[in-house]
Amino acid sequence: MTVSVENVHRRFGAAAALDGVSLEVAPGEFVALLGPSGSGKTTLLRVLAGLEGTDAGRVGIGGRDMTGVPARERGVGVVFQHYALFRHMTVFDNVAFGLGVRPRAERPTRAETARRVRELLELVRIPELERRYPDQLSGGQRQRVALARALAIQPRLLLLDEPFGALDALVRKEVRRWVRRLHDELGIATILVTHDQEEAMEMADRVAVMERGRIVQCDAPSALLDAPATAFVAGFVGEAARIPCAVRHGVAHFDPLPLPPMRVALPDGPAQAFVRPHETLAGPGEGAVLRLVRAGTAGEARAVVEAGEATLDALLHPQGAWAVRGGACRVQLRAAQVFGAAGAQARALPLVERAGVRA
Amino acid sequence: MSARFRPAHADAPAFNAVLIGAALAVAFMLLVLPLAAVFVEALRRGLPVALDAIVEEDSLAAIRLTLVVAAITVPLNLVGGVAAAWAVAKCDFPGKRLLVTLIELPFSVSPVIAGLVFVLIFGAQGWLGGWLQARDIQVIFALPGLVLATVFVTFPFVARTVMPLMQEQGREEEEAAATLGATGFQTFWRVTLPNVKWALLSGVLLCNARAMGEFGAVSVVSGHIRGETNTMPLHVEILYNEYQFAGAFAVAALLALLGLVTLAAKSILERLSGRPSGGAA
Amino acid sequence: MSATLIHARPARVAPVPGLGLSLGVTIAWAGLIVVIPLAALAIKPWELGVAGVLASLADPRVVSALSVSFGAALAAALVALPLGLLLAWAIVRLEFPGRRVLDGAIDLPFALPTAVAGIALTALLAPNGWLGAPLMAAFGWQIAYTQAGIVAALVFVGLPFIVRTVEPVLRDMGRDAEEAAATLGATRPQALARVVLPALAPSLLTGFGLAFARGVGEYGSVIFIAGNMPMQTEIAPLLIVIRLEQFDYAGAAAVGLAMLLLSFAILLGLNLLQRALRRGRR
């Protein structure tokens, strides 16, 4: 394991920022820490970088116990949220910094330093900017400099703290793919902190979802969507509407909402169902009101429906002239994830597979 | 009818003209006239007389002593001020606000009290007076006393000018330096210091100006021994009280020039520090 | 994977190193130069005993000197307040040639050594001075060597404190609030009185406090112009100097301590008032 975090605790005053976190990252793996703000993901990153201490627990990097090892001896590359470039140094000097501060015996020669800096700038595709100062660069260029600077120390582990937050939407998507390709080329284990689930799902091999100082689930992106471990993950990852229901004799009832009951293997009692838009169908019929109809990005038609108290995103099925804003419709659920009492959960399916409703 | 539009936040031009006139009048009376008075009085009997008053033996001794006091005081407060600014801006520790209050305290203490406290400790009747006398060590009415009083009075200048800037710049760059393998000293020297150098220089200049111009505190600990413990401001007082007005104003003019140069340098530095240091553009 | 183990030992990490050294230097520095000397001031007077301190302070000459110092500082801060507001407004809001020079000149009282300011003001305001003579001839006013002279010197010294505390607030305030007031139907005087002035009030109060505190302790710029007549124009700092010259250390320290405690009490009062102002607005 490149990284092993075992049961790490960290409190700030009364608040627990990390409440028993464990995480393993394999060599060359790309892991994203995903969670709302205040969930502890940045604290975990700072603990790994050696910028934050721990109250209890163990952090190992590359097989070495890092407890009490200061940041400068860890050899961990960090790309900070706002890049933290040295504003009084040129791009070249920024990238060369990590080589220049080594003890004299380990310090590369001037020529060697220059060669490696140019190589890195080539790698991040900004060789022409080496004489510029940070305030003369665009956000994307700064980010490349920060990445080159972090890579200059040949880190065993690369930490990215919300590195795409300062970029505009168009650039962000492109840079994301480029960073992932770069990771695949270099093979350095990478941990990305983000609150953007799209970013986490697109870039990472595994995503660790954090909630209130704990990792509640760490899985491949598809597994998070298909088998969320907790109600929090179900609600946080992917688009989902949360609907209260009651389970009686293996059937979830949604009264008073005008939704058909579903079969689910859970004990009797109140429960929460999470339904995703692509599993929610709005068709001709009665019971609900069509509030909005629009074209989806993949050529499908999407709808916003008002089913009693609940407002749901749905697929329009079938498409056609019947669907008018303010008109009546009928909502069916293809599937739902239901969480009962004491963390029990199960997948709910329609009672009867109706004609016209194909999975 | 004039169709000129006046924005909602603007006042009538006539009203503004009155305000400008009043502001200039206040500035003229309170700021320009006193400064002008110094130079006019200094040159009243001609430049040669003024220069003679400055190159006279006791004046030169006062100038020399003033330079010595400043040369000791400024480096001491530079080290203390930078250390204080670093600790407050870049580190976390309990009691930080108390420390900041303590650093600013000398600003709100009368300079006479600044001198008094050192007399209470080192003076003939002071806590250490007998002990010092037995060993024939002079603190009060000697250079060490002058330095102590001046250090007290100029204590906050460097810390006060550098601290806000260091705080504003945050800790990210220092943290980045740490992850790249820099030691604490390397981080300070290569990352923090270049970012605050103009403010630091400005603080040093202010500290120096006050150290050279301090009157109340040094007057208490000096003993006014001509040619020995007289700094320039004290020499101004002596000459003035002896009705040697031309000489008093000549030395005062020299001090006023120091103040003006400091002021000009400070505003230049403030403009410089607004830009990234060494920026190519 | 081995069984979960919890290290009892917490790992404390300072993100930025150098706390020990810098804090050590700072505390040693502040302790030697500020704390120990001021402790001496707090302890020394009690050599006289409580009754002795009270008797020393009840000396009519002491009472007079303290009331001259505090009264003049108060009067000077009150005079400097509108003048400082005027200058700050001119620098921030008005366009006129020489504005930048004026901006730079505001700091002159900070930069001019106090003794220089003292003899310059005396030269101006003495009965035969540039301003003193016409004032004497026209109104029969004598400024120098009276309490008015003390106030004049303290106005000079205190002015930049008020300008430099009000100015940044005025600059930050922008003109949005005034424009909003105008769209809501306020006349210009209403906008100034009900929007601008209340927003500036806390900074005016701060500036007032700074100018006042500086004025109470001021020595160099005052002693030349004051005339230094006991019971009339003798300021408290001068009395400290006089008592020291008589080797009455405890008596000098008593006056010094009284000055510090009085200013502290007044500044505390101003601080509370300011807090009340802020709270009242929320």
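In this text, all values refer to a predicted model and were calculated from it rather than measured experimentally.

Chemist: Residues and numbers for the interface of chain B and chain A, please.
Modeler: Opposite the 23 residues of chain B that make contact, chain A presents 26 residues. Taken together, the two surfaces of chain B and chain A that pack against each other cover about 2,200 Å², and 57% of this comes from carbon and sulfur. Viewed at the interface, chain A and chain B are joined by two salt bridges. Summed over the shared surface of chain B and chain A, the number is seven residue pairs in polar contact (both at pLDDT 80 or more). Looking at the side of chain B that touches chain A, the elements with two or more residues in it are helix 9 (172–179) and helix 10 (184–213) of chain B. Of all the elements, helix 9 of chain B adds the most residues to the side of chain B that touches chain A, at seven residues.

Chemist: Mind laying out the pairing of strand 19 (residues 336–339) of chain A, listing which residues take part and the relevant values?
Modeler: All names here are of chain A. Alternating positions in strand 19 separate into two faces, Ala 336 and Val 338 on one and Gln 337 and Phe 339 on the other, with burial throughout. Bridge count between strand 14 (residues 269–275) and strand 19: three bridges; the pairing is antiparallel. In the strand pairing of strand 19, Ala 273 is matched with Val 338. Two elements, strand 19 and strand 20 (residues 345–350), share four bridges in a ladder whose sense is antiparallel. Bridging across to strand 20, Gln 337 finds its partner in Arg 347.

Chemist: So what about the sheet that holds strand 8 (residues 189–194) of chain A? Which residues, and what values?
Modeler: Residues and elements named next belong to chain A. If you walk across this open sheet you meet the six strands as 6-7-8-3-9-10, and the pairing is mixed. Two strands in the sheet have a free side with no partner beyond their single neighbour: strand 6 (76–79) and strand 10 (214–219). Across the sheet, the axes of successive neighbouring strands diverge by a mean angle of 20°, strand direction being ignored.

Chemist: Tell me about the interface of chain C and chain B, and name the residues and values.
Modeler: With 78 residues of chain C at the interface, the matching set in chain B holds 85 residues. Of the roughly 7,000 Å² buried between chain C and chain B on both sides combined, carbon and sulfur atoms contribute 82%. At the surface where chain C touches chain B, the tally comes to one salt bridge. Of the charged contacts in the structure, one is a salt bridge between Lys 266 of chain B and Asp 107 of chain C, with a shortest N-O distance of 3.2 Å. Between chain C and chain B we count seven residue pairs in polar contact (both at pLDDT 80 or more) in total. No other element matches the 16 residues that helix 1 (residues 19–43) of chain C contributes to the side of chain C that touches chain B.

Chemist: Before we move on, can you summarise the packing of aromatic side chains with the specific residues and values?
Modeler: Scanning the entire structure with this criterion turns up 18 aromatic pairs over all chains. An angle of 70° between the planes, with centres 6.4 Å apart, marks the rings of Tyr 240 of chain B and Phe 249 of chain B as edge-to-face. A relative accessible area of 12% places Tyr 240 of chain B in the buried class. On the numbers, 5.3 Å between centres and 85° between planes, the contact of Tyr 240 of chain B with Phe 224 of chain C is edge-to-face. In this pair, Tyr 240 of chain B is assigned in helix 12 (residues 232–241) and Phe 224 of chain C in helix 11 (residues 220–226), connecting two distinct chains. Taken as a pair, Tyr 240 of chain B and Phe 224 of chain C share a single burial class, namely buried. By the ring-pair criterion, three or more aromatic residues cluster together here, those being Phe 215, Tyr 240, Tyr 243, Phe 245 and Phe 249 of chain B together with Tyr 219 and Phe 224 of chain C. Of note, Arg 144 of chain A hangs over the ring of Trp 178 of chain A, and the distance from its end group to the ring centre comes to 4.2 Å. The side chain of Arg 149 of chain A reaches across the aromatic face of Phe 86 of chain A, ending 4.6 Å from its centre.

Criteria and cut-off values
- Residues numbered from 1 in each chain as written.
- Chains lettered and ligands numbered in written order.
- Predicted model: local features only at pLDDT ≥ 70, side-chain atom pairs only at ≥ 80, totals over all residues.
- Heavy atoms only, no water.
- Contact = heavy atoms within 4.5 Å.
- Buried area = accessible area lost by both parts, 1.4 Å probe.
- Salt bridge = Lys/Arg side-chain N within 4 Å of Asp/Glu carboxyl O.
- Polar contact = N/O pair within 3.5 Å; in protein donor to acceptor, adjacent residues only side chain to side chain.
- Helix = DSSP H or I, 4+ residues; strand = E, 2+ residues; numbered from the N terminus.
- Buried < 20%, exposed > 50% of the residue type's maximum accessible area, 1.4 Å probe, protein only.
- Pairing = 2+ DSSP bridges.
- Axes fitted to C-alpha atoms, helices over the stretch in contact; angles between N-to-C directions.
- Phe/Tyr/Trp six-rings, centres within 6.5 Å; stacked < 30°, edge-to-face > 60°.
- Lys NZ or Arg CZ within 6 Å of the ring centre and 35° of its normal.

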